[in-house]
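Now for the letters of each chain:
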Amino acid sequence: NNDEGRIFKREFFEYGMLGSRDSPSVLYYFDTPEERVAKEQWYLNGSLGRMGDLPQEVSYFDDDAHRIEQMKWSIDGELGRESDKPAVVTFFNNNSHRIEKREWYIVGLPDREDGKATTRIYYDNERNSIRQQRWETIYLEDKILYRRRGPAVIDYDENGNIDIS
């Protein structure tokens, strides 16, 4: 709470640990007179996580439409998702409901099966064309571009052709 009595965060506990079976464990609110949720987080046994293939964190744009800005998934408290699905999905800040970026993680590190790109950034068009693919890894605690065989970044034009300009 602040001096005006606004709520910024609520936490829910079960059996003495942060977590809630049927609803978000932590709610963060925008700094507005209305209680509008900015972010929801789910915890299992005290760690970020959620049963099934459901996001453990959902962030919202600061508007009245309650539109999703980003979703994150984790396995055992680390960013990641099974079956080569992205662990972080970010949406454009408009009414298109299109995905702006997908990021893949394995055990909390940017990684992907079979050497595929760890990040895909998209154009906001009807085809949701890929604008850029990136291969990233962690080196000395920093996220860096790295690809053993081939370019670490590939840019595309809106038609899906490699941009060589």
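A brief look at the structure comes next. Since this is a predicted model, take the numbers as computed values, not measurements.

What counts, and where the lines are drawn
Residues numbered from 1 in each chain as written. Predicted model: local features only at pLDDT ≥ 70, side-chain atom pairs only at ≥ 80, totals over all residues. Heavy atoms only, no water. Helix = DSSP H or I, 4+ residues; strand = E, 2+ residues; numbered from the N terminus. Buried < 20%, exposed > 50% of the residue type's maximum accessible area, 1.4 Å probe, protein only. Areas by Shrake-Rupley, 256 points an atom, 1.4 Å probe, with all protein chains shown as cover. Lys, Arg positive; Asp, Glu negative; His and termini not counted. Charge placed at Lys NZ, Arg CZ, Asp CG, Glu CD. Salt bridge = Lys/Arg side-chain N within 4 Å of Asp/Glu carboxyl O. Phe/Tyr/Trp six-rings, centres within 6.5 Å; stacked < 30°, edge-to-face > 60°. Lys NZ or Arg CZ within 6 Å of the ring centre and 35° of its normal. Pairing = 2+ DSSP bridges. Axes fitted to C-alpha atoms, helices over the stretch in contact; angles between N-to-C directions.

1. With respect to the overall build of the chain
A count of helical and extended segments in the chain gives 0 helices and 20 strands. Dimensions of the chain, computed from C-alpha atoms along their principal axes, come out at roughly 55 × 35 × 30 Å. Put simply, the chain has 165 residues, and 38% of those count as buried. Accessible surface, the chain: about 10500 Å² in total, of which carbon and sulfur atoms supply 46%. When the 24 basic and 33 acidic side-chain charges of the chain are each reduced to a single mean position, those positions are 5 Å apart.

2. Topic: unusual backbone geometry
Its identity is not glycine, yet Ser83 carries a phi of approximately 60°, on the positive side. Locating Ser83 in the fold gives a position in the loop between strand 11 (78-79) and strand 12 (88-91). Positive phi is not limited to glycine here, since Glu141 has a value of about 70°. With respect to the helices and strands, the residue Glu141 is situated in the loop between strand 18 (136-139) and strand 19 (142-145).

3. Here we look at the pattern of salt bridges
Counted according to the given criterion, the structure contains 16 salt bridges. One salt bridge in this structure joins Arg98 and Asp124, with 2.9 Å as the shortest N-O distance. Of the two residues, Arg98 sits in the loop between strand 12 and strand 13 (99-103) while Asp124 sits in the loop between strand 16 (119-122) and strand 17 (130-134), which places them 26 residues apart along the sequence. Given the relative accessible area of 33%, Asp124 is considered partly exposed. Across the salt bridge formed by Glu103 and Lys143, the nearest N and O atoms sit 3.2 Å from each other.

4. Thoughts on the packing of aromatic side chains
Summed over all chains, the structure comprises 0 aromatic pairs. Its guanidinium or amino end placed over the ring of Trp42, Arg50 lies 3.6 Å from that ring's centre, counting from NZ or CZ. The cationic tip of Arg81 hangs over the ring face of Trp73; the distance from NZ or CZ to the ring centre is 3.7 Å.

5. Notes on the sheet that holds strand 16
Reading across from one edge, 1-4-5-8-9-12-13-16-17-20 is the order of the 10 strands in this open sheet, with antiparallel pairing throughout. Looking at strand neighbours, the two that pair on one side only are strand 1 (9-11) and strand 20 (153-155), the edges of this open sheet. Strand-to-strand twist in this sheet, taken as the mean axis angle between neighbours without regard to direction, amounts to 10°. Sheet topology places strand 16 next to strand 17; 4 bridges connect them, and they run antiparallel. Among the inter-strand pairings, Ile121 is bridged to a residue of strand 17, identified as Gln132.

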